[in-house]
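Working through the structure, step by step
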Amino acid sequence: MNVFVCDVGGTSVKYGLFRERPTAGEAVLEKLGEFPTEGEKGAADLYARILRTARQAISERPAGELIAAIGISTTGQVNADTGQIVYEPPYLIAGYTGFDVKAALAPLGLPVYVENDVNCMAVSESASLPPDLPGDVVCLTFGTGIGGGIIRNGRLYRGAHWSAGEAGMMFTAGDYYENTAAVSALVRRIAEDRPDLADGRQIAAAYTDGDPFVRKTVSDWAGVAAGCLASIIHLLDPSALILGGGFLEDPAIFALLNEKTRALLAPGFTTVLKPAAAGNQAGMMGIGMIAARALSNAAAG
């Protein structure tokens, strides 16, 4: 089964081909390309470009390699049934709130599946966990904001209004969690004194090199971030808490956040903290899996 997949982010759109071969017990992703989101041009313009890209990709497939569906992993809160964007800040993609993704891609004549990007990550990451970590899993990504996805009893949990897992919207210490603990918040704090450190990867390198100012500031940030991570564990008791985002790919940063979180856990809570395994391919992989499962269920009646 082949699914054309896109991961729509605030900066860029990645696209590729998801192939599932149930008889061989494998699923693979072939990344085909990437282009700028240019969200200021609006949602309609963005999806006109996605439509053109999908048509070209479909037309270039070899004979016999048919595309069965379209899968869209996207930023924003998503009604997965209707394909509408429940909410997305207008400064990321103009006119995205209320936009009907399925209608925009209907000219392709294929089933369209739409899901929040971190929910897609949760599906992908939970599928790759070892057998001793089954069941309930929470995934969070730390970047410009903080996104989340929840797997309960092996299934994606979307909530009553399609917005479950929006960890960045938790209110703590007088502000939203992502305003104090997103990597963008850390970058802003450090830039006030060290404008030469312009992004998370540079900050991670300075931390590893032992820069005293950076080590202190990052440690303070990790303490704030750990507070809500511990609260999530206390509330949901997942088998694993999977953390993604480029900043947390640095082993020293992940170890620091893991240490500070574990120090806050009450006795009896043994949730495993793990770095995300699929990196920036997780959204495309996850929506491919979602689409393939839906198609298989429909075929089975």
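Residues numbered from 1 in each chain as written. Predicted model: local features only at pLDDT ≥ 70, side-chain atom pairs only at ≥ 80, totals over all residues. Heavy atoms only, no water.

Some remarks on the sheet that holds strand S2 (residues 12-21)
The mixed open sheet is built from 5 strands, whose spatial order is S3-S2-S1-S4-S7. Here the strands that pair on one side only, and so sit at the sheet edges, are strand S3 (26-36) and strand S7 (112-116). Across the sheet, the axes of successive neighbouring strands diverge by a mean angle of 20 degrees, strand direction being ignored. Note that strand S1 (residues 2-8) and strand S4 (residues 69-74) share 6 bridges and pair parallel. In the sheet register, Cys6 faces S4, and the bridge partner there is Ile72. Contacts from helix H3 (residues 117-127) reach S1, S4 and S7 within the one sheet, and its direction differs from that of S7 by about 95 degrees. Here helix H9 (residues 282-300) sits on the sheet in contact with S1, S2, S3, S4 and S7, set at roughly 140 degrees to S1. (Pairing = 2+ DSSP bridges. Helix = DSSP H or I, 4+ residues; strand = E, 2+ residues; numbered from the N terminus. Axes fitted to C-alpha atoms, helices over the stretch in contact; angles between N-to-C directions. Contact = heavy atoms within 4.5 Å.)

What to know about empty space enclosed by the protein
One simple way to see leftover space: roll a probe sized like a water molecule over the atoms. Evaluation of the coordinates by the stated rule reveals 1 cavity of 30 Å³ or more. Taken together, the elements giving at least two residues each to the lining of the largest cavity come down to strand S5 (77-79) and S7. Looking at the lining of the largest cavity residue by residue, the classes come out as 3 nonpolar, 6 polar and 2 charged. (1 Å grid on protein atoms, 1.4 Å probe; cavity = no way out; pocket = protein on both sides within 12 Å on 5 of 7 lines; lining within 4 Å. Points joined across faces, edges and corners; volume = space filled by probe spheres on them. Nonpolar A, V, L, I, M, F, W, Y, C, P; charged D, E, K, R; others polar.)

Overview of the layout of surface pockets
As a volume, the largest pocket reaches approximately 1,600 Å³. Surrounding the largest pocket, 48 residues form its lining, Asp117, Thr141, Gly143, Thr144 and Gly145 being those nearest its centre. Class assignment for the residues of the lining of the largest pocket results in 14 nonpolar, 23 polar and 11 charged. Estimated volume of the second largest pocket: approximately 610 Å³. The wall of the second largest pocket is formed by 26 residues, among which Arg155, Leu156, Arg158, Ile290 and Arg293 lie closest to the centre. When contributions to the lining of the second largest pocket are tallied by element, the ones reaching two or more residues are S7, H3, strand S10 (155-157) and H9. It is H9 that contributes the most residues to the lining of the second largest pocket, 4 residues altogether.

Regarding the sheet that holds strand S9 (residues 146-152)
One open sheet holds the 5 strands; their spatial order is S10-S9-S8-S13-S14, and the pairing between them is mixed. With partners counted over all chains shown, the strands left at the sheet margins are S10 and strand S14 (272-275), one partner each. Each strand of the sheet is rotated relative to its neighbour by a mean of 25 degrees, with strand direction disregarded. The pairing of strand S8 (residues 137-142) with S9 spans 6 bridges and is antiparallel. Following the sheet pairing, Phe142 is matched in S9 by Ile146. Against the sheet, H3 engages S8, S9, S10 and strand S13 (240-244), with an angle of about 50 degrees to S9.

What to know about helix H5 (residues 183-191)
Val183, Ser184, Ala185, Leu186, Val187 and Ile190 are the residues of H5 that are buried. Each element contacted by the buried residues of H5 is listed here: S8, helix H4 (177-181), helix H6 (200-208) and helix H7 (212-236). (Buried < 20%, exposed > 50% of the residue type's maximum accessible area, 1.4 Å probe, protein only.)

Let's talk about the packing of H3 against H9
Taken N-terminus to C-terminus, the directions of H3 and H9 make an angle of 80 degrees; their axes are 7 Å apart at the nearest point. By the angle class used here, H3 and H9 are roughly perpendicular. Each of Asp117, Cys120, Met121, Val123, Ser124, Glu125 and Ala127 in H3 lies in contact with H9, whose residues at this interface are Ala282, Gly283, Met285, Gly286, Ile287, Met289, Ile290 and Arg293. For the contact of H3 with H9, a count of residues per class yields 9 nonpolar, 3 polar and 3 charged. (Parallel < 35°, antiparallel > 145°, perpendicular 65-115°, else oblique.)

Some points on the environment of Ala277
With respect to the element layout, Ala277 can be found in the loop between S14 and H9. Classification of Ala277 by relative accessible area gives exposed; the value is 64%. Separated by 22 residues in the primary sequence, Ala277 and Ala299 have C-alpha atoms spaced 31 Å apart.

Side note on the pattern of salt bridges
All told, the structure shown has 14 salt bridges when counted by the stated rule. We note a salt bridge from Arg19 to Glu65, for which the minimum N-O separation is 3.4 Å. Note that Arg19 is positioned in strand S2 and Glu65 in the loop between helix H1 (43-59) and S4, a separation of 46 residues in sequence. Overall, Arg19 belongs to the buried group, its relative accessible area being 16%. It is possible to trace a salt-bridge network through shared partners that takes in Arg19, Glu30, Arg61 and Glu65. (Salt bridge = Lys/Arg side-chain N within 4 Å of Asp/Glu carboxyl O.)

Interpretation note: all reported values are geometric properties and have no functional meaning in isolation.
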